[in-house]
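# Per-entry structural report
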Amino acid sequence: MKVLVIGGGAREHALCRSLSLDPDVTALHCAPGNAGIAEVAELHPVDQLDGAAVAALATELGADLVVVGPEAPLVAGVADAVRAAGIPVFGPSQEAAQLEGSKAFAKDVMAGAGVPTARSYVCTTPAEIDEALDAFGAPYVVKDDGLAAGKGVVVTEDIEVARAHALACDRVVIEEYLDGPEVSLFAITDGTTVLPLKPAQDFKRALDGDEGPNTGGMGAYSPLPWADPKLVEEVMETVLQPTVDELRRRGTPFSGLLYAGLAITSRGVRVIEFNARFGDPETQVVLARLKTPLAGVLLHAANGTLDDQAPLSWSDDAAVTVVVASHNYPGTPRTGDPIEGLDEVAEQDAPHAYVLHAGTKRGEDGTVLSAGGRVLSVTATGSDLAQARERAYAAVGRIRLDGSQHRTDIARKAAEA
């Protein structure tokens, strides 16, 4: 099987790593990729938002499967262009991807499917914003209706901060605050059959102790020793299957990766948001635990034959990923700095720990340079979370990137529990 992965972040590196280990994958391509992905896949320059260009590349390569990683190409309709070219693609249509592209659309689907979520208002005027903020009170939860790369949500006790964020958005969803821990649960679906993966938890705030601004995610871990053993079963019944059924009923079947961001509240499980693709950095830990070869599962989803897929096989190991971010992230990050220590991790920490590249590129002299806000996802496995954490942070300690930052408390509480 020849596979083409679209994207160039740590999520795509995790996908490419798993695909490269799949004996059925005879050729692996990635566009545009990054310095780390280049070690396991052949890279191609492409505008990942240009459906015609992606479809042309897939045709030229004779790809048997295209996997669209990030949300922006999905919302731009890239999967539709590849499907129209007659090539199986893992990723929802432009219409179905509105589940992530529009918070208001997602709320409407959840209402139709009877999925438990926060009460909310969709606001477009200052008067509506003030009314909604007043109705819910603090803490205020304000979400940009469109795509914002994981940074469009503000949760604050300060009404002025909440109002300023709301006024900066064209259209905004203001909702009630959901208490309790958050869980990410991915499911692979062909539009009818739903296959859940293992749950994970990510860390959105920039600083230790969940302080600082929201980011795209500073680390993640799996499994969740504190979660109810029946959590996945419950979410399948109350959230994932009803949502897939509702989208199919509307004539916009969802095929690809359905990601439910959940709050385990005092009143039960509630959906915070849906995403239409693998989450980053949770993918790094979930795929680290998946033993079933990945390509066949994704191809079944793309072809509408997921009910033929055998049950997934999982490692009992735990996995932890720690994001190494550039100076000033999530503000305007500094880029172009050399990254040292990657060879040391490969020599001393493999196979239990490895580095997935998020924002990197090769300099003219071959040096790996930082090229984004989140630069690396250092991922490790272990017999339990404590060992996986220890290995991940040992590997982080070998990496040298001037001005870089990372959280030191990823999975700490869960490991100590």
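Everything below is about the structure shown above.
On to the overall build of the chain, then. Secondary structure assignment for the chain yields 14 helices and 24 strands. Taking 22 Å as the expected radius of gyration for a compact globule of 417 residues, we find that the chain reaches 20 Å, a close match to that expectation. Reported as C-alpha extents along the three principal axes, the dimensions of the chain are approximately 55 × 45 × 40 Å. Per-residue burial for the chain yields a buried fraction of 56% across its 417 residues. Pairs at least 24 apart in sequence give 68% of the contacts found in the chain among residues at least 6 apart. A total of about 16500 Å² of accessible surface is found on the chain, and carbon and sulfur atoms cover 48% of it.

Moving on, we come to unusual backbone geometry. Peptide bonds are mostly trans, and most non-glycine residues show a negative phi. Following Ala31, the chain continues to Pro32 via a peptide bond in cis, the omega torsion being 0°. In this structure, Pro32 sits in strand β2 (residues 27-32). Of note, the amide linkage connecting Ala138 to Pro139 takes the cis form, showing an omega dihedral of -10°. Although it is not a glycine, Asp210 adopts a positive phi angle of roughly 55°. The class for Asp210 is partly exposed, based on a relative accessible area of 46%. At Asn328, a residue that is not glycine, the phi angle is positive and equals roughly 80°.

Take the sheet that holds strand β4 (residues 65-68) next. The five strands are arranged β3-β2-β1-β4-β5 in an open sheet whose pairing can be described as parallel. Here the strands that pair on one side only, and so sit at the sheet edges, are β3 (42-43) and β5 (89-90). Direction of pairing for β2 relative to β3: parallel, over a ladder of two bridges. The partner of Cys30 across the bridge, within β3, is Leu43. Sheet contacts for helix α1 (residues 10-20): β1 (2-7), β2 and β4; angle to β1, the most-contacted strand, approximately 170°.

Read across the sheet, five strands follow the order β12-β15-β18-β23-β20 without closing on themselves; strand pairing throughout is antiparallel. Sheet topology places β12 (201-202) and β20 (353-357) at the edges, where each strand pairs with a single neighbour. Relative to strand β15 (residues 219-222), β12 is paired through two bridges, and the arrangement is antiparallel. Residue Asp202 lies in a different strand from β15, and its bridge partner there is Ala220. Along the sheet, helix α10 (residues 282-289) makes contact with β12, β15, β18 (318-325), β20 and β23 (374-382), crossing β18 at roughly 150°. The strands touched by helix α13 (residues 385-396) within the sheet are β15, β18, β20 and β23, with β18 carrying the most contacts at an inclination of about 30°.

Taken residue by residue, helix α11 (residues 294-303) has Leu294, Ala295, Val297, Leu298, Ala301 and Ala302 as its buried positions. Buried residues of α11, viewed axially, fall in a sector of 165°; they line one side. In this fold, the buried residues of α11 make contact with α1, β4, β5, β10 (182-189), β11 (194-196) and α10. The first or second residue beyond α11 is Gly304, which carries a positive phi of 80°.

The next point concerns the nonpolar core. By size, the foremost hydrophobic cluster in this structure holds 76 residues, and its most contacted members are Leu4, Val66, Leu240 and Val320. When residues of this core are assigned to their parent elements, the largest contribution, seven residues, is made by helix α9 (residues 231-249). With residues near it in sequence (within four places) discarded, Leu4 still touches His29, Cys30, Ala31, Val54, Leu57, Ala58, Leu61, Ala63, Leu65, Val66 and Val67. In terms of nonpolar packing, the next biggest core, distinct from the first, is built from 39 residues, Val3, Val5, Ala14 and Val285 among them.

Our next topic: the packing of aromatic side chains. Summed over the entire model, instances satisfying the criterion amount to five aromatic pairs. Between Tyr121 and Phe136, the ring centres sit 5.4 Å apart and the planes meet at 40°, which makes this aromatic pair tilted. Remark: Phe136 occurs in helix α7 (residues 126-136) and Tyr121 occurs in strand β6 (residues 120-123); sequence separation between them is 15 residues. Residue Tyr121 is classed as partly exposed on the basis of its relative accessible area, which comes to 41%. Judged by relative accessible area, which is 17%, Phe136 ranks as buried. Between Phe186 and Tyr259, the aromatic rings sit 5.1 Å apart at their centres with planes inclined by 35°, giving tilted as the arrangement. Taken together, the residues Phe186 in strand β10 and Tyr259 in strand β16 (residues 256-265) connect sequence positions 73 residues apart. Grouped by ring-pair contacts, the aromatic residues Phe90, Phe186, Tyr259 and Phe278 constitute a single cluster. In this structure, Arg17 packs its charged tip against the face of Tyr354, placed 3.6 Å from the ring centre. Directly above the ring of Tyr259 sits Arg277, whose terminal nitrogen or CZ lies 5.9 Å from the centroid.

So, on to empty space enclosed by the protein. Tallying each qualifying case throughout the model produces three cavities of 30 Å³ or more. Here the largest cavity defines a volume of roughly 70 Å³. At the level of secondary structure, the elements contributing two or more residues to the lining of the largest cavity comprise α5 (98-101), α6 (103-113), β9 (172-175) and β17 (268-275). At four residues, the largest contribution of residues to the lining of the largest cavity is made by α6.

With that settled, consider the environment of Ala380. Structurally, Ala380 can be placed in strand β23. Taking C-alpha positions, Ala380 is 25 Å from Thr335, a pair spaced 45 residues apart along the chain. Not counting residues within four places of it along the chain, the set of residues in contact with Ala380 comprises Ala318, Ala319, Val320, His352, Ala353, Ala388, Arg391 and Ala392.

Cut-off values and rules
- Residues numbered from 1 in each chain as written.
- Predicted model: local features only at pLDDT ≥ 70, side-chain atom pairs only at ≥ 80, totals over all residues.
- Heavy atoms only, no water.
- Helix = DSSP H or I, 4+ residues; strand = E, 2+ residues; numbered from the N terminus.
- Rg over C-alpha atoms; globule rule 2.2 N^0.38 Å.
- Buried < 20%, exposed > 50% of the residue type's maximum accessible area, 1.4 Å probe, protein only.
- Contact = heavy atoms within 4.5 Å.
- Areas by Shrake-Rupley, 256 points an atom, 1.4 Å probe, with all protein chains shown as cover.
- Pairing = 2+ DSSP bridges.
- Axes fitted to C-alpha atoms, helices over the stretch in contact; angles between N-to-C directions.
- Arc of directions from axis to C-beta.
- Core = buried A, V, L, I, M, F, W, Y, C linked by side-chain atoms within 4.5 Å.
- Phe/Tyr/Trp six-rings, centres within 6.5 Å; stacked < 30°, edge-to-face > 60°.
- Lys NZ or Arg CZ within 6 Å of the ring centre and 35° of its normal.
- 1 Å grid on protein atoms, 1.4 Å probe; cavity = no way out; pocket = protein on both sides within 12 Å on 5 of 7 lines; lining within 4 Å.
- Points joined across faces, edges and corners; volume = space filled by probe spheres on them.

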